[in-house]
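Structure at a glance
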Amino acid sequence: KTTNKKFEAALTSQNDLTYSIVRPTAFFKSVSGQFEGMKNGNSPYVVFGDGAVTRCNPISEEDLAEFMVDSITNESRHNKIMNIGGPD
């Protein structure tokens, strides 16, 4: 995670480069694999406290790809760091 922070700091300090940093909360594909493991009893499900701080809003690969491609031409997304999730 420190490497990511250093990269973001170096990227955002540039004056001659347009960037869009996209941080998806979770992927449906990876989340569905976790649920499958829990359903089969092969992996635990851990909740911290009431679960409020561990909530995530999974996004599909297609929606994430569309968001990233659209970020190239959508100037409102330029030079920003965006945490994104699914529609809910």
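Residues numbered from 1 in each chain as written. Predicted model: local features only at pLDDT ≥ 70, side-chain atom pairs only at ≥ 80, totals over all residues. Heavy atoms only, no water.

1. Topic: the overall build of the protein
- Looking only at helices and strands, one finds 3 helices and 2 strands in the protein.
- If you list the helices and strands of the protein from N to C, you get α-β-α-α-β.
- When each of the 88 residues of the protein is scored for burial, the buried share is 22%.
- Carbon together with sulfur atoms contributes 53% to the accessible area of the protein, which is approximately 6,900 Å² in total. (Helix = DSSP H or I, 4+ residues; strand = E, 2+ residues; numbered from the N terminus. Buried < 20%, exposed > 50% of the residue type's maximum accessible area, 1.4 Å probe, protein only. Areas by Shrake-Rupley, 256 points an atom, 1.4 Å probe, with all protein chains shown as cover.)

2. Here we look at unusual backbone geometry
- For N79, which is not glycine, the phi torsion reads 55 degrees and is therefore positive.
- With respect to the helices, strands and loops of the structure, N79 is situated in the loop between α3 (61-73) and β2 (80-84).

3. A closer look at the side chain of E8
- On the secondary structure map, E8 appears in helix α1 (residues 2-12).
- Excluding its chain neighbours within four sequence positions, the residues that come into contact with E8 are I21, R23 and I81. (Contact = heavy atoms within 4.5 Å.)

4. Section: the confidence of the model for the protein
- Summary statistics for the protein give a mean pLDDT of 81 and a share of 74% for residues scoring 70 or more.
- Within the protein, helix α2 (residues 28-39) has the poorest average pLDDT of any element, 66, and α3 the best, 93. (pLDDT = per-residue confidence, 0-100.)

5. A look at the packing of aromatic side chains
- In the structure shown here, the tally under the stated rule is 0 aromatic pairs.
- The residue whose ring lies beneath R77 is F67, and the NZ or CZ to ring-centre distance is 3.9 Å. (Phe/Tyr/Trp six-rings, centres within 6.5 Å; stacked < 30°, edge-to-face > 60°. Lys NZ or Arg CZ within 6 Å of the ring centre and 35° of its normal.)

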